[in-house]
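Letter by letter, the chains look like this.
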Amino acid sequence: MSYLIHTEQCRHIICMGPMAFITLCERIRGTGLVKDAFRSIVEEQVAKFLHIVGHNVKNRYVSFFFHRSGQTVSRHFHNVLNAIIMFEGELLVQPSRVDVQPYIQNNSRFYPYFKDCLGAIDGTHVRVKVPRSDAARFRGRKNVFAACDFDMKFTYVLGGWEGTASDSRILKDALSRQDPLIIPQGKYYSGDARFMLKRQILTPYRGVRYHLKEYSQRGPQNPRELFNHRHSSLRNVIERTFGVLKKRFPIIASGTEPHYSLDTMTNIILACCILHNFLRGVDNDDSLLAEVDRELMEEDVDTMSTQVREEDYREGSNLRDSIANEMWRDYQNN
C-alpha cells in the first residue's frame, strides 16, 4: 500500500490520485463497516474494490494480484460497497429551491433566461445480469436514470429499471417513489423531448436543429433555433457527466455480462456515482474530461429526441416560448 500511493501508476490501478485515495480510506474507516485487520488494512480493502470497478475484473484476478482468497476479496468488496453507499445522503445532494446555479448566474448566454434550471436529466444504459426469462424486459437503450447539476455532480440516481421502460415512465416513478427526485415549485431540469412533463422538465423544440454539432457551420436563425442551441449546451452536462463516470469506472460501461446480480449491480452503479461526486471535489481528472468531450463531438447526431411523440403540455410550451422570445430579442440587440 505504501508503494501504491507513491507510484505514478496509482491513478491507473485505482482510478484516483494518492491524496484522494488516502482521504477516501479515512472516510470509509470512519463508517465502521470496513476495519483494519492483521493481514488486510482498510487501504488494501478499498484498493481491491477500486481496482475491480476501475478495470471490470473478476474476483479471481484480484485474488491473485493481492494474494488473497476469492472469498476474502468478495467479503472486502461488499463491505467497501456498503460503506460507500452510506455517503449517499452527504454526496448525492439535491439542489434547494432558492439556489440559482452559479454556472447559470455567471453566464450571460443563460442568465436570466434559465435562472430556474437546476441541472439536466437523462438516462444511460448499463448491462445487468438477469434470469433468461426476464432478459427481454431488460433489453433497451437506458435503464439508469440520473440528474446532475452544472458542476457535473450527480444529484439523483435511480438504477435497476427495465431497459424497455419509457423515459417518461421512469421519470414519473422517480417523482413519486419514497425517495423521490425533488423538483421545487417554479424550478425545472433540462431534458430532451422524451421527458416532457409540464414545467418540471424544459425540453427543446421538435423539428428544429438541436445538437451543438448542427450549429458548427451556421448559427441560430430564429428564436426556436437559438433556444435549442442554448438548451443543448445546458443539457450537454449530463452527457459529459455520464461519459466521465463510465470512463473512470468501466464496470458500468462494459458490454459483457456483469459478474454480479441485478441488486448488487444496482448498488455498484450508485456507489460509482457517489465516488464520482467525491472525486469531482478532490481529484478532477482534466484529461479524462477532455477525452469525453472529444468523443461527444465525434458522435453521430442522435435525432431520436425529435422523432418521438411529444405531449406538449400548455404550461411547458408557454415557458419555452417565453424564454425563446426573450433570448432572441436580446440576441438581436447585441
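Please read these numbers as outputs of a predicted model, since none were measured by experiment.

Novice: Outline the nonpolar core, supporting the account with residue identities and numerical values.
Specialist: In this structure, Phe49, Phe114 and Ile268 are the most contacted members of the largest nonpolar core, which totals 82 residues. Top contributing element to this core by residue count: helix H10 (residues 262–282), with 11 residues. With near-sequence residues (within four places) excluded, Ile268 lies in contact with Val53, Phe77, Leu81, Ile251, Ile252 and Tyr260. In terms of nonpolar packing, the next biggest core, distinct from the first, is built from 15 residues, Ala147, Leu171, Leu181 and Phe195 among them.

Novice: Could you give an account of the confidence of the model for the protein, naming the residues involved and the relevant values?
Specialist: Considering every residue of the protein, the mean pLDDT works out to 85; 89% of them sit at 70 or more. In the predicted structure, residues 303–312 sits below a pLDDT of 50 and forms 19 contacts with residues beyond four places in sequence or in another chain.

Novice: Requested: an account of the packing of helix H2 (residues 18–31) against H10, with residues and values cited.
Specialist: Close contact between H2 and H10 brings their axes to 11 Å; oriented N to C, the two are set at 130°. Here H10 runs oblique to H2, going by the angle between their axes. Considering how the two elements wind past one another, H2 and H10 form a crossing that is right-handed. Between H2 and H10, the contacting residues are Ala20, Thr23, Leu24 and Arg27 on the first element and Leu275, Phe278, Leu279 and Val282 on the second.

Novice: Can you tell me about the side chain of Ser190, naming the residues and giving the values?
Specialist: By secondary structure assignment, the location of Ser190 is in strand S4 (residues 188–190). In this structure Ser190 comes out as buried when scored by relative accessible area, which is 1%. At 3.2 Å, the side chain of Ser190 forms a polar contact with the side chain of His231. When near neighbours in sequence (up to four residues on either side) are disregarded, Ser190 contacts Cys117, Gly119, Ala120, Ile121, Leu202, His231, Leu234 and Arg235.

Novice: Break down the packing of aromatic side chains for me, citing the residues and quoting the values.
Specialist: Per the counting criterion, the structure on display carries 10 aromatic pairs. Both rings, one in Phe145 and one in Tyr156, keep their centres 6.3 Å apart while their planes meet at 65°; by these two values the pair is edge-to-face. Of the two residues, Phe145 is situated in strand S2 (residues 144–148) and Tyr156 in strand S3 (residues 154–158); the sequence distance between them amounts to 11 residues. On the accessibility criterion, Tyr156 (6% relative accessible area) is buried. Each ring, one from Tyr205 and one from Phe227, has its centre 5.5 Å from the other, and the planes form 75°; the classification is edge-to-face. Taken together, the residues span a long stretch of sequence, with Tyr205 in the loop between strand S5 (201–202) and helix H9 (223–248) and Phe227 in helix H9 at a distance of 22 residues. It is Arg27 that lies over the ring of Phe87; its NZ or CZ is 5.3 Å from the centre. Over the face of the ring belonging to Tyr205 we find Arg320, whose NZ or CZ atom lies 4.5 Å from the ring centre.

Novice: Residue-level account of the pairing of S2, with values.
Specialist: The buried fraction of S2 amounts to 5 of the 5 residues, a majority that puts the element mostly inside the structure. When strand S1 (residues 117–124) meets S2, the two strands line up antiparallel, connected through 5 bridges. In the strand pairing of S2, Thr124 is matched with Val144. Relative to S3, S2 runs antiparallel, the two sharing 4 bridges. Note on S3: the bridge partner recorded for Phe145 is Leu158. Connecting S2 to the antiparallel partner S3 that follows it, the hairpin turn spans 5 residues, and Met152 within it adopts a positive phi of roughly 65°.

Novice: Run through the environment of Val157, naming residues and quoting values.
Specialist: By secondary structure assignment, the location of Val157 is in strand S3. Given a relative accessible area of 14%, Val157 falls into the buried group. Beyond its immediate stretch of four places on either side in the chain, Val157 contacts Leu92, Val144, Phe145, Ala146, Leu270 and Cys273.

Novice: Residues and numbers for the sheet that holds S5, please.
Specialist: In space, the 5 strands of this open sheet follow the order S3-S2-S1-S4-S5, with mixed pairing throughout. The open sheet is flanked by S3 and S5, the only strands paired with a single partner. Where helix H8 (residues 167–176) meets the sheet, its contacts fall on S1, S2, S3 and S5, and the angle it forms with S3 comes to roughly 110°. Each of S2 and S3 touches H10; the most contacted strand, S3, lies at about 175° to it.

Novice: Could you give me a rundown of the pattern of salt bridges, with the residues and numbers involved?
Specialist: Pairs may arise between side chains of opposite charge once their charged atoms sit close together. Inspection of every chain in the model, using the stated rule, returns 17 salt bridges. A salt bridge links Arg235 to Glu239; the shortest N-O distance between them is 3.2 Å. On the criterion of helical spacing, the pair formed by Arg235 and Glu239 is a turn pair, its members being 4 residues apart in helix H9. Judged by relative accessible area, which is 27%, Glu239 ranks as partly exposed. In this structure, the salt-bridge partner of Glu291 is Lys247, at a minimum N-O distance of 3.0 Å. Remark: Lys247 occurs in helix H9 and Glu291 occurs in helix H11 (residues 286–298); sequence separation between them is 44 residues. For Lys247, a relative accessible area of 29% gives the class partly exposed. Residues joined in a network through salt bridges with shared partners are Glu26, Arg29, Asp36 and Glu43.

What counts and how
Residues numbered from 1 in each chain as written. Predicted model: local features only at pLDDT ≥ 70, side-chain atom pairs only at ≥ 80, totals over all residues. Heavy atoms only, no water. Core = buried A, V, L, I, M, F, W, Y, C linked by side-chain atoms within 4.5 Å. Buried < 20%, exposed > 50% of the residue type's maximum accessible area, 1.4 Å probe, protein only. Helix = DSSP H or I, 4+ residues; strand = E, 2+ residues; numbered from the N terminus. Contact = heavy atoms within 4.5 Å. pLDDT = per-residue confidence, 0-100. Axes fitted to C-alpha atoms, helices over the stretch in contact; angles between N-to-C directions. Parallel < 35°, antiparallel > 145°, perpendicular 65-115°, else oblique. Left-handed = near helix turned anticlockwise from the far one by under 90°. Polar contact = N/O pair within 3.5 Å; in protein donor to acceptor, adjacent residues only side chain to side chain. Phe/Tyr/Trp six-rings, centres within 6.5 Å; stacked < 30°, edge-to-face > 60°. Lys NZ or Arg CZ within 6 Å of the ring centre and 35° of its normal. Pairing = 2+ DSSP bridges. Salt bridge = Lys/Arg side-chain N within 4 Å of Asp/Glu carboxyl O.

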